[in-house]
Structure formats: C-alpha cells, structure tokens
Protein chains: 4
Amino acid sequence: MKFDVFTQMEYVVRSPGTLILNIHALRTPNQTVVNEEFTVDPYIKVEELISAQGENRLMRFEVNEPGTVKVTYKALIDNCYELTDYHEQHEVMVAQLDVTVLPYLNPSRYCQSDKLYRLAHNLFGHITNPFEKVVTLTDWIHTNVQYLSGYSNAQTSAFDTVTEQAGVCRDFAHLGIALCRALTIPARYFTGYAYKLEPADFHACFEAYLGGKWVLFDATKLVPLNGLIKIATGRDAADTAIANIFGDVTFTTMQVSCELAEEGFEPVNYGAGAYQGLSYL
Amino acid sequence: MKFDVFTQMEYVVRSPGTLILNIHALRTPNQTVVNEEFTVDPYIKVEELISAQGENRLMRFEVNEPGTVKVTYKALIDNCYELTDYHEQHEVMVAQLDVTVLPYLNPSRYCQSDKLYRLAHNLFGHITNPFEKVVTLTDWIHTNVQYLSGYSNAQTSAFDTVTEQAGVCRDFAHLGIALCRALTIPARYFTGYAYKLEPADFHACFEAYLGGKWVLFDATKLVPLNGLIKIATGRDAADTAIANIFGDVTFTTMQVSCELAEEGFEPVNYGAGAYQGLSYL
Amino acid sequence: MKFDVFTQMEYVVRSPGTLILNIHALRTPNQTVVNEEFTVDPYIKVEELISAQGENRLMRFEVNEPGTVKVTYKALIDNCYELTDYHEQHEVMVAQLDVTVLPYLNPSRYCQSDKLYRLAHNLFGHITNPFEKVVTLTDWIHTNVQYLSGYSNAQTSAFDTVTEQAGVCRDFAHLGIALCRALTIPARYFTGYAYKLEPADFHACFEAYLGGKWVLFDATKLVPLNGLIKIATGRDAADTAIANIFGDVTFTTMQVSCELAEEGFEPVNYGAGAYQGLSYL
Amino acid sequence: MKFDVFTQMEYVVRSPGTLILNIHALRTPNQTVVNEEFTVDPYIKVEELISAQGENRLMRFEVNEPGTVKVTYKALIDNCYELTDYHEQHEVMVAQLDVTVLPYLNPSRYCQSDKLYRLAHNLFGHITNPFEKVVTLTDWIHTNVQYLSGYSNAQTSAFDTVTEQAGVCRDFAHLGIALCRALTIPARYFTGYAYKLEPADFHACFEAYLGGKWVLFDATKLVPLNGLIKIATGRDAADTAIANIFGDVTFTTMQVSCELAEEGFEPVNYGAGAYQGLSYL
C-alpha cells in the first residue's frame, strides 16, 4: 500500500550541539521507499548512519549557529504486510531462538520485565497459545490503562504504568513489551508513521516474536495495524527516540502526517477470537 | 599475562528448561584463549552462540531431566592491555562517535542516565579532561558508596545506588556507567574473572569510551585493573548475566578462581593525578 | 479470651544510643492487660510514652554501655472483639468522617494510595458494599501475592508489592491499606501478637474504617482473626516499628510466643459470602 | 507584623462530592487572626475541623450541585517570630524528645528518609552544630536543585528530587525534611502565604526541631523567612494539601496574595555564618 508521509520539526539552537534524528522510513524487503526528501533549513550537511541493532536510519548533524533549524522529511512509501495463522502455533522455545532475538528477552530501561514476572504469570500464564497470550495482554492493557496525554513523561516506565494505569502510546507499548518478556516472549518497540492517527503524530506500538516472525500489536487500538510505516525498532524508546539532542538545543514545534497515496485500503485489526497475526518484515 | 581461570556451578533442575551461560573468556586480538575445557555433567549437548552485541560467547543447552547439573569451565588465558596517555585528550564529540558506540549513550535497565543528568553535571561537569572526569566520578563512587553484600538485589539500579549508597561490584559498575552516560560519555558493563578478588567470585566493572578506546574503570578498587579476564561487555547486567535461566531450575553453588600462570605480574591502578588509561581490546 | 504473650529480644550495643520499643500490648476498653512484666538486662531505666496517634505504648531507654542488652516482655492479656453485620452497610461518606480518621485516607511512606487510584477502581470500583469491597481486595491480595520470606525488605512499599507480588505480612498489610485508601476507605496498619502464627513472630495486618468501626482484615490468612493481641496501630510500618534504634546498636535474636491461657477458642475468619466484620476496639 | 492575605479558587463540580480545604491561617500564640472572611459561592454550609496533628484548620463542605463553586478567603493576620541563637546548641537527643515530636523522625510518603541515611551522613554527618547542619543542607539543596515549574508532579518525592535535582517549593521542602530525618533531626512540612513570592502562590518550606523549637528553613530562598503566614504543618504534603477533593470535582483557577498591612518590614534570611534561627510558634 502506498502512503505519503511527512514531518516538519523546528529546533532552537542556543549553543553548538549535535542532533540525531530517527524519522526516516526504514528500508526493508516489505517496505520500499519510493522517493523521499530530507532538508535542513538553513542547510547543514547530514550524515546517515545505520544502527547496528534494527538497521534504523539515523540522521546526524551538527548545529553550530545559534538560531532556528527547520527539518523537513517527506516520502512516498510502499509497504506490505503478511498475515499468519497462529491457531496451531506453539511458543518458540528459548533453545530455538536466534541469537539476534535473545536480547529482546532482557529487561530494558522502560520495560522492567524482571519485576513483572509474577504479575504476568498470574494474569496470562494460563493461556497456552502464544498469539492468544499476546492478544489477551494487549486487550488487558487497552481495557485497564487510560489513554491520557500529559500524565506520563519521558521517564515513565512499564513498572509505573502497570500500576498507575494512564499514559500515551509509548507507555502502552512499553507495558506490552515488558509483559511479553516476563512471559519469555521476545518483544521490541516499534515507531512509525500511522495512517488515521488523531491527532496526527508519530506512533509507537510493539512487536512480539511468534513462530519466527515479529508480529505487530498495538494496545492503544487507535489505528489500523496495516496503516503503519516503520521508522525504527529497538528495545524500547531509549533506542528509538525520534530525536536525540546533545547540547543546548530545544525542540519547539512539529507537524506529522501520513496519508494514503492510493485507493483500496481496508483496515486490519485483531478482533475477538482472531488468530491472524500481522507482520511487517 | 597468563592466567588460569576456573568456575564450577551447580544447578538443580525440577522441570525441563534452558540455560544460557556467559562464563567463557572472550576471544579478542588482545586476549587469547590458549586452551579451555567446558563440561556439563551429566553430559548435555551445548550450543555456542556469539552475541550480536559485544561478541560475547553464550553457551546454551537444554536441561530435560530432573536432577543436578554440574557445569565446569577452565581455561588458560593470555591477555594484554594497552596504556594510553589521556593528558591531552579531548572528549570525543557525539558527531564523531561510531554508530556502534552510540547505543552506549542510551539509558538502560540498570543505568537510568536520563535521571542523573543534573546530578552528574553538578558534581563533575566542571572537569574538562574526559579521563579525569571518569577517574573523579569513579573515586566519588568509591568514597561514597559502601561495599556491602546483601544490601542490593537483582533489581537494584543506579538510580537506587546513587542515593542509598550501598551495594556490590555490580551496583558500583551500574552507577559508574549511568554517570558517564549522563555526561555524554559512552560506557558499558564489563564482566570477568579477576585476579586477587577476595572472596573469589566473578567481577563486574565498566568501560568508558575515551579517545576512541574502551578504557577500564573499577569503582570498587578491589583488584588490579590489569588482572581481569574479559568475559562479556554489554549495556548493563541485563545483557551480560553469568546465567540466564528459563524454567524451574535453581542455582545452588558456585566456585570461581583466577590465578596467575606465569611470573612477573605488577599491579596497575589509577593513582592520584594519573592520566594513563588501561584498555583491553 | 485470655492469651499469654511473650517476647525476648537481644541487642548488641557498640556505642551509646537510644531504643524505642513498641512491643507492649495496648490497653483498650476491649483489651485488658491482666498482668505484664518488662525487664531490660542489665537493668536500664525505661520511660513509657503514649504515642499521640494510636495511643501506642512506647518504651524508650538509653543504652550507654557497650555489650549485650536483653529485653523481655511477658503479659497475660484478656481481649474481646465485636462482630458487626455489614450486609446493609453503606460507605461512610468523607463528609461524615471524624477528623481523627481523615489522616488514614492520606498516602503514607509504604502505602502510596495516590498511585493506585485507577488500579483500585478498575479492580474493585464496581463493588458497592464497602465490607464486600475490602473482603474482595483482601482475597485478591491473598490470591496474587506470594508469601515469601526474604524477597522484600524494610524499604518495600505497596507500590512495589502490587506489581512484584511477593512479600511477607507487612507487605500484604501495606498493599491492603493502599488499596483501601485509593478507594476512599480509611485504613491503618495493625501490629500484634498472633495466636497460631507459624513460625512464631510478630504479625501485621490492617484495619479498615467501616460503618464507624475499625474492622480487621488479614490478607495473609495465616491466623484466626480473633487470635490477635493488638500492640499498635498507625499509618503504616513507619509508625509502628517494633523497635526504633538510634545509634550503633544491632538487633541479634528474637523469640515471640502467643498462647491461649484459657479454653474454648473458636477461630473466626471471613469465609465466602460473609458479612460479619470483626473489630477490636 | 500585619499582613493581608487573600485567595480565591474555583472548582467545577460534575457530580456530588466533598472538598476539604486547608487555606485558613493557623491560630497560634504568635499568629493572631485579626479578622477573616470565608465565602463559598453559591452558598454552601461549611464545617471547620481542627486536625489532630498540627491543629490545622480544615474547611469541609459537600458540593452536591453540578456547576462552578468559587471559594474566597481573606484575612488580616498579625504574627511574630522569635530568633534564637544556636551557636552553643547541641542536638536534642532522641532520649529527650517529646512524644509528640517523635513521629517527625519517621519516613513519610514524600520524605523517604530511610533511603537517604548514608547520603545524608556522607554529606552532612561531619557537622556537629545542629543548626549549622540544617543551614548547610538547605544551602546544598538550593545550590544543587534547580527551581523548575512543570518538572515534578504530585507524586514526586524526596527520593526522586535528591537525584533528579529539579522541582518546586514542595520538592525543596520534602528533600530538606528527608535529609533532616535521616540525620535524626525531626522535621515537618510547612505551608503558608508568603510575602514577596513571585509569582504569587501558596508556599511550602519546612521546620526542623532544634533546641526544643521548630525552626524555619526554606531551601528555595525565594522569600524572606519572616514574611510567612502559617497555614498548616504536617509530615509532608500528604498531610497539608491545600485541597483534598473527593468526587468528580476539578480545580480550575486560583489567585493568591499576601501583602504587608503595616510599615517597617525588614527581611530576615540566614546569611553565611549565621546562627540565629527563626521560629514561629
């Protein structure tokens, strides 16, 4: 499916510093960047880095002049997804997991799965089908955690959200990841552009590793699962920040949009009793 | 320098599970595994995995029979280190850091550097030489944090230790890493065998990325810096656990030793006013 | 019912300090101290203080000589309880609460009810009868939290226990209190001697303020509710410590016992569907 | 000194609830309420409660009609303070503390002094004069913690602030209290109207118990110490909330002012080397 994505962000620079932005659509076998344009105004030379983990596309540049810097990214993306039937799926045993997947079982800054072990097992340990397990915990988050802007902040973690039960997409994703890992299901953070997200913004959700694929889950249920353009994956938001800022530089304003560039979109979501998992590659 | 390292660990298995051990000495240009022997008793087939990050050597095996499993590792290691003069060294700017180093600026499970930003700058921000900065924060930890077995646990993080000021080598290392990252100095966790550590045990300390090298620091000051055999590096203890256990398997006893296998060892430590940083490669 | 209670505790004094013990049975209209004996060996003059809140009996004395101090308390206590039917009971509205009860709605050191608001309402908000609400949350704690010695410590709070789901009587009580307060039900910590507690120890549970009375609840379900001798009540364990120690004084050993001193004891517990609340005065 | 104090607050009521406000100036031997006026518009009958601890004046009323409720308080207050020389003062030993003062040594919701023991002793344990100790820790907070609106929230505690080092008057006070208690100096939270506070608002600071008196300290240094009108004291902000709201009632706007009502005010603050402690009674 083709999507037009766009973002524009402004920063105020007060002293020399470095910015590392992670807003470019990922290039994968299932996601083609048909065309894209990235500008920094006033002009600054930008270096593209590919992160070792996740192959995320990082744009690094130095801001040496005090003033305003405006960053614009627009792209036409063509992506596709796969649906897999998990009816008969058993859990992938740790003994069979690929070594590149193992780190996604570890606790991380915002996903303290080591503290959620008993809770996760008390709530979801009885479910044997691994897809059903993750669908159920995603639904549990959706039901119990209130979507509330301004409650959480950049330091809020899954350990907070599981009890305080309020937050935004980032918090929903962290909690989903932490619960999966506590249940020995590898899980990672996913950032992207999202079709039909209101108000328009970057979106975060998560992927669980089921039957050898990374399957997408979104506890916010704010958007269709097949309307996402992948920007980055990582252990949690610490690995996939939209912007890492070094120096006395302040973010001021942002616009984001994600629109269909062709017709025929039919939303996919996991309904009751569904066993079709959606994967981007 | 040549060292004989040895460990023996016992586990009690009650139901089928998987163990992933990270106790093998790392193979690096500066650390040669002259010979080594690894046995699991009763015999179990073991798979060696090389972690994507850090190239740590993970031994994975399934334990399917209830009973006791005894694991033994012994090796003769020949390693060497480099001393670098950091007198004239400037900080490596974020704009120059290699992409593989960038993740070591991010906060992690046990090193919430994002919460220590102001504290780190208040305490150490005035020091311009980056080596001196890390030596000073290492000394600050050594002076203020009490080495105390049994105070901290597997969930204790740098955010706890910076205030509660008690812990073991793991906690000292996490705090060192968190302070470095808060000061925009990449830092990572280091586990190893340690010569002269009493009581004998695995040891943990940390490396800071200075002038393009990973330089070793140990806030516990329990052992000579040049008596360490590297097992693993990672973001923090979550990445470098001696053992990851999946299933109803319990660790019972452990022996560790690290002895000199040749003569002529002269201990290296950072004294007052020193600018010679020690690196293993 | 008559009970013989006894405790003996030893402390090692290394430098002059002060001890404040809170081990004496409370004197209330429903709890008579028939006789009691308190000795400190070697002899030290002891001052009895009555706490402003809770009227707890604090024994304060200075320990000026290095060495061992042995404290012994034994008493014959006659107490009785009331059973109240809460079938038709409505919640006491905040507008009707006595001013002395209001502080027990506030969050405290170990009972961060302000953080548990949404969770408590999601789990128990639908229950209208206040007694049933507290019985249900007590049962929820009993079902979900594992009684496990050595997991928690003196800093563990309800915010930890609600997620980590392991602890001892103190942790069970703190969580019960925090959930009640989050539901606008005043609740307080209760320490006492407990008949049939194994292994013998001091016990902690909690009281909720229902229909104008402090009703007893015990999420551990380790002992009959009518076999408790009240020592103290307070906001949480911070107010009702068995011992507050100031100076370089270390607790070493302790014995506690609580035995029936007459026949005819019939255990009372809240069974399924019960609406009879037990109150000590 | 005479001061005119004033506050007006608006609440939006959506369903019946109860408000408990704590905005009235305290009546003490040293603080006379010359005249005062309290109105609720539209008219609602208000009950004045005197809190058991602190004798704070709580105004409780039910809001049963949906709509806006406007609360206005204005008063003419005449207060005075005492200055005490603490040059020769020794610490009050725990063995001599009045029983009503002892609870102010305990950790509380926002002042986890039990976790700050080593830190407090490392930083301030060497200072023998107790007044100097509290002045020094107050200055340390002032120097290290950044006054920053919007960083902390209603759940932020001293354990957070000691490391994150940003917050508002409430956070400065909580940290001061926690450090005092960790040093075995009783300390309590103080709310009041503050002359010269900009922007105008309620203010919070703290009192330490020195030489038998509650001495005022303010780590924010935003206002003269002798320009405060005491509203309430308590263990921390949990005990002294300006408003406790029960029900679906939302605070919307507030005005506060505190003006001199006579001439001749000369500001008092603790300068370098000062040993004159200021107490309101």
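Residues numbered from 1 in each chain as written. Chains lettered and ligands numbered in written order. Predicted model: local features only at pLDDT ≥ 70, side-chain atom pairs only at ≥ 80, totals over all residues. Heavy atoms only, no water.

A word on the sheet that holds strand 15 (residues 249-260) of chain A
Residue and element names in this part refer to chain A.
Line of reasoning, step 1. With antiparallel pairing, the four strands of this open sheet are ordered in space as 3-6-1-15. Every interior strand has two partners, whereas the edge strands, strand 3 (31-41) and strand 15, have only one. Each adjacent strand pair in this sheet contributes to an overall mean axis angle of 10°, direction not counted.
Line of reasoning, step 2. Pairing of strand 1 (residues 2-13) with strand 15 involves eleven bridges; the strand directions are antiparallel. Across the sheet, Val12 pairs through a bridge with Thr250, a residue of strand 15. (Pairing = 2+ DSSP bridges. Helix = DSSP H or I, 4+ residues; strand = E, 2+ residues; numbered from the N terminus. Axes fitted to C-alpha atoms, helices over the stretch in contact; angles between N-to-C directions.)

Topic: the sheet that holds strand 5 (residues 57-63) of chain C
All names here are of chain C.
Line of reasoning, step 1. Spatially, 4-5-2-14 is the arrangement adopted by the four strands of the open sheet, whose pairing is antiparallel. The sheet is open, and its two borders are formed by strand 4 (47-50) and strand 14 (243-246), each paired with just one other strand. The average undirected angle you get between the axes of adjacent strands in this sheet is 20°.
Line of reasoning, step 2. Across four bridges, the pairing between strand 2 (residues 17-21) and strand 14 is antiparallel. If you follow Leu19 over to strand 14, its bridge partner there is Ile245.

Here we look at the layout of surface pockets
Line of reasoning, step 1. Approximately 1200 Å³ is the volume found for the second largest pocket.
Line of reasoning, step 2. Lining the second largest pocket we find 46 residues, and of these Ala52(C), Gln53(C), Gly54(C), Ala52(D) and Gln53(D) sit closest to its centre.
Line of reasoning, step 3. Breaking the lining of the second largest pocket down by element, the ones donating at least two residues are strand 12 (213-217) and strand 13 (228-234) of chain C together with strand 12 (213-217) and strand 13 (228-234) of chain D.
Line of reasoning, step 4. When grouped by side-chain class, the residues that make up the lining of the second largest pocket number 21 nonpolar, 14 polar and eleven charged. (1 Å grid on protein atoms, 1.4 Å probe; cavity = no way out; pocket = protein on both sides within 12 Å on 5 of 7 lines; lining within 4 Å. Points joined across faces, edges and corners; volume = space filled by probe spheres on them. Nonpolar A, V, L, I, M, F, W, Y, C, P; charged D, E, K, R; others polar.)

Some thoughts on the domain arrangement of chain A
All names here are of chain A.
Line of reasoning, step 1. When cut into domains, chain A gives domain 1 (2-80 + 244-260) and domain 2 (82-230 + 266-279).
Line of reasoning, step 2. Placing a centre on the C-alpha atoms of domain 1 and another on those of domain 2 gives a separation of 26 Å.
Line of reasoning, step 3. Tallying the contact residues gives 20 residues for domain 1 and 14 residues for domain 2.
Line of reasoning, step 4. Here domain 1 meets domain 2 over a buried area of about 1400 Å², counting both sides, of which 63% is carbon and sulfur. (Domains from an automatic or database assignment. Contact = heavy atoms within 4.5 Å. Buried area = accessible area lost by both parts, 1.4 Å probe.)

Remarks on the UniProt feature "domain: Transglutaminase-like" (unreviewed entry) in chain A
Line of reasoning, step 1. The UniProt feature table records "domain: Transglutaminase-like" (unreviewed entry) at residues 161-221 of chain A.
Line of reasoning, step 2. The span residues 161-221 of chain A is 30% helical and 39% strand by assignment, and the distance between its end C-alpha atoms comes to 17 Å. (UniProt positions renumbered as here; feature names shortened; annotations may be inferred.)

Some remarks on the interface of chain A and chain B
Line of reasoning, step 1. Contact with chain A, which involves 32 residues of that partner, is made by 32 residues of chain B.
Line of reasoning, step 2. Across the chain A to chain B interface the summed buried area is about 2600 Å²; carbon plus sulfur atoms make up 55%.
Line of reasoning, step 3. Where chain A packs against chain B, one counts four salt bridges.
Line of reasoning, step 4. A salt bridge links Arg109(B) to Asp114(A), with the shortest nitrogen-to-oxygen separation between them at 2.9 Å.
Line of reasoning, step 5. Summed over the shared surface of chain A and chain B, the number is 16 residue pairs in polar contact (both at pLDDT 80 or more).
Line of reasoning, step 6. Of all the secondary-structure elements, those providing two or more residues to the side of chain A that touches chain B are strand 2 (17-21), strand 4 (47-50) and strand 5 (57-63) of chain A. (Salt bridge = Lys/Arg side-chain N within 4 Å of Asp/Glu carboxyl O. Polar contact = N/O pair within 3.5 Å; in protein donor to acceptor, adjacent residues only side chain to side chain.)

Thoughts on a nonpolar patch on the surface
Line of reasoning, step 1. Taken together, Ile245(A), Phe251(A) and Met254(A) make up a surface patch of nonpolar side chains, about 230 Å² in accessible area.
Line of reasoning, step 2. Looking at where Phe251(A) falls in the secondary structure, it is placed in strand 15. (Patch = residues over 30% accessible without salt bridge, like charges linked within 9 Å, V, L, I, M, F, W, Y side chains within 5 Å. Areas by Shrake-Rupley, 256 points an atom, 1.4 Å probe, with all protein chains shown as cover.)

A short note on the relation of the copies chain C and chain D
Line of reasoning, step 1. It takes a turn of 180° to lay chain C on chain D, together with a shift of 0.0 Å along the axis; the resulting RMSD is 0.0 Å. What the rotation and shift describe, once combined, is the action of a two-fold rotation axis. Identified as the residue of chain C closest to the rotation axis by C-alpha distance is Arg109(C), at 1.9 Å.
Line of reasoning, step 2. Counting the interface residues of chain C, we find that 100% of their copies in chain D are interface residues as well, pointing to one common contact surface. (Least-squares fit on C-alpha atoms with pLDDT ≥ 70 in both.)

Re the side chain of Gln31(D)
Residue and element names in this part refer to chain D.
Line of reasoning, step 1. As for its placement among the helices and strands, Gln31 is situated in strand 3 (residues 31-41).
Line of reasoning, step 2. There is a polar contact of 2.9 Å between the side chain of Gln31 and the backbone oxygen of Lys230.
Line of reasoning, step 3. In this structure, Gln31 is in contact with Ala25, Leu26, Ile77, Asp78, Asn79, Ile229 and Lys230, ignoring residues within four places of it in sequence.

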